[in-house]
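# Geometric and topological summary
Okay, here's what each chain looks like letter by letter:
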Amino acid sequence: SCTMIQFAVGGRLKSMIKGDSDRNLSLLEEMSAGMCAGTVSALVGSPLELIMIQQQRKGGAAPTRLGEIMKHPINITRGFTGAAIRESLWTCGYLSIPPVVRRTLMESYPDTFDTNDKARIPAALLGGLFACYLTHPFDTIKTCMQGDIEREVYGNFIQTGSKIASDSGFTGFYRGATFRYGRMVCAVFIMDLMKEKMSRLMYPQAFQ
């Protein structure tokens, strides 16, 4: 659901930025559109992940866990800050950075990167690196918060970050990051490829 929202909102924002002009967006414009799209998607993704994490911890059916969460309606927003930051940076990593990197490589090194597919590999590596290592601390904080709606160990966003830092130090924010990076590189490569192919199918007039 988040990815669909990110594609839709990101595409719409990029169209608004370009207007009627036939130019490539700058890196800042690409990243701004991606960050906005990611933040919007967190409005849907964060509550869904909250229910999922509570169900993973406590078992039972999703409606049961949702009912428990909604005993205190403010709980449905728990972890939203971390999710919004994570999704905004993640969306930049797969939706905004790869097209700019591909275009730059093909323009600067046309003999080496003479096709989109050749430039897509380093673009995916860089986009995945950005998406993983910038978002991982915020994802860690969000997950800790959403796993503890009773607030027995983890309080608000700042308190949770402080707790993780005091217990585990800086490395505590990056547990599991290496494996997540490998997954994200594959995801960024596939999404960048699909975005290019689907855009040509859905909006052929834009590529004439």
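Rules of the game
Counting restarts for each chain: residues are numbered from 1 in the order of the written sequence. Since the coordinates come from a predicted model, pLDDT governs what is reported: local features require at least 70, and pairs of side-chain atoms require 80 or more to be given and counted, while whole-chain, interface and lining totals use all residues. Working from all heavy atoms in the structure, the side-chain values ignore hydrogens and water. Strands here mean DSSP runs of E at least two residues long; helices mean DSSP runs of H or I at least four residues long; both are numbered from the N terminus. Under the scheme applied here, a residue whose accessible area is under 20% of the maximum for its type counts as buried, over 50% as exposed, and between as partly exposed, the area being computed with a 1.4 Å probe on protein chains only. Any two residues whose heavy atoms approach within 4.5 Å are treated as being in contact. Per-residue and other accessible areas were derived by the Shrake-Rupley procedure at a 1.4 Å probe size, with only the shown protein chains allowed to occlude residues. Orientation is described by axes fitted as lines to C-alpha atoms, over the contacting stretch for helices, and by angles from 0 to 180 degrees between their N-to-C directions. Rotating anticlockwise by less than a right angle from the far helix to the near helix defines a left-handed crossing, while the corresponding clockwise rotation defines a right-handed one. Amino acids are sorted into nonpolar (Ala, Val, Leu, Ile, Met, Phe, Trp, Tyr, Cys and Pro), charged (Asp, Glu, Lys and Arg) and polar (every other residue, Gly among them). The quantity known as pLDDT measures the predictor's confidence residue by residue, on a range of 0 to 100. Salt bridge, as used here, is a side-chain nitrogen of Lys or Arg placed within 4 Å of a carboxyl oxygen of Asp or Glu. Stacked, tilted and edge-to-face are the three classes applied to pairs of Phe, Tyr and Trp rings, where Trp contributes its six-membered ring and a pair requires centres within 6.5 Å; stacked means planes under 30 degrees apart, edge-to-face means over 60, and tilted covers the rest. Geometric relationships in this document are graded by angle, where less than 35 degrees denotes roughly parallel, more than 145 denotes roughly antiparallel, 65 to 115 denotes roughly perpendicular, and other angles denote oblique. Only buried Ala, Val, Leu, Ile, Met, Phe, Trp, Tyr and Cys residues count toward a nonpolar core, and they belong to the same one when joined by side-chain atoms within 4.5 Å.

Right, let's get into the overall build of the protein. The helix and strand inventory of the protein stands at 7 helices and 0 strands. When the helices and strands of the protein are listed from N to C terminus, the series reads α-α-α-α-α-α-α. Burial statistics for the protein: of 208 residues in total, 41% are counted as buried. Taking as baseline every contact in the protein between residues at least 6 positions apart, the subset at least 24 positions apart corresponds to 72%. Just so you have it, the protein exposes about 11300 Å², and 65% of that area is on carbon and sulfur atoms.

As a further point, take the packing of helix α2 (residues 27-58) against helix α5 (residues 116-146). Between α2 and α5, whose axes approach to 12 Å, the crossing angle comes to 35°. Crossing handedness for the pair α2 and α5: right-handed. Touching Met31, Ser46, Glu49, Leu50, Ile53 and Gln54 of α2 are Phe130, Lys142, Thr143 and Gln146, all from α5. Residues belonging to the contact of α2 with α5 are distributed by class as follows: 4 nonpolar, 4 polar and 2 charged.

This part is about the confidence of the model for the protein. Taken over all residues, the pLDDT of the protein has a mean of 88, while the share at 70 or more is 96%. Within the protein, helix α7 (residues 177-202) has the poorest average pLDDT of any element, 79, and helix α6 (residues 157-168) the best, 97.

On the secondary structure map, Cys36 appears in helix α2. Sequence separation between Cys36 and Tyr109 is 73 residues, and the spatial gap between their C-alpha atoms is 31 Å.

This brings us to the pattern of salt bridges. A full pass over the atoms with the stated rule returns 12 salt bridges. Taking the shortest distance from any N to any O, the salt bridge between Glu30 and Lys14 comes out at 2.8 Å. With Glu30 in helix α2 and Lys14 in helix α1 (residues 2-18), this pair connects stretches of sequence that are 16 residues apart. Across this residue pair, the class does not change: Glu30 and Lys14 are buried. What emerges from the salt-bridge pattern is a single network uniting Glu49, Arg86, Glu87, Asp139 and Lys142.

Now for the packing of aromatic side chains. How two aromatic rings sit relative to each other is set out by the distance from centre to centre and by the angle between their planes. Scanning the model with the defined rule gives 4 aromatic pairs in all. Between Tyr133 and Tyr181, the aromatic rings sit 5.8 Å apart at their centres with planes inclined by 45°, giving tilted as the arrangement. Linking Tyr133 in helix α5 with Tyr181 in helix α7, this pair joins segments that are 48 residues apart in sequence. Following the ring pairs from residue to residue traces out a cluster consisting of Tyr133, Phe170, Tyr174 and Tyr181.

A few words on the packing of α2 against helix α3 (residues 62-69). The relative placement of two packed helices is expressed as an angle between their axes plus a distance between the axes. Two elements in contact, α2 and α3, have axes whose closest approach is 9 Å; the angle formed by their N-to-C orientations is 110°. Here α2 is positioned roughly perpendicular relative to α3, judged by the angle of their axes. Contacts between α2 and α3 involve Leu50, Ile51, Gln54, Gln55 and Lys58 from the former and Ala62, Arg65, Leu66, Glu68 and Ile69 from the latter. In the contact of α2 with α3, the residues fall into 5 nonpolar, 2 polar and 3 charged.

We now examine the environment of Phe170. Relative to the helices and strands, Phe170 resides in the loop between α6 and α7. Accessibility expressed as a relative area gives 64% for Phe170, which makes it exposed. Separated by 22 residues in the primary sequence, Phe170 and Asp192 place their C-alpha atoms 32 Å from one another.

With that settled, consider the side chain of Thr140. The topology assignment puts Thr140 in helix α5. What makes Thr140 buried here is its relative accessible area of 14%.

Trp90, Tyr94, Leu95, Ala124, Ala131, Cys132, Ala177, Met184, Val185, Val188 and Met191 together form the largest nonpolar core, which totals 11 residues. In terms of residue count, the dominant contributor to this core is α7 (5 residues). Once you skip the residues sitting within four places of it in the chain, Val188 turns out to touch Trp90, Gly93, Tyr94, Pro98, Ala124, Gly127 and Gly128. Cys92, Phe113, Ala119 and Ala123 belong to the second-largest nonpolar core, a separate cluster that totals 9 residues.

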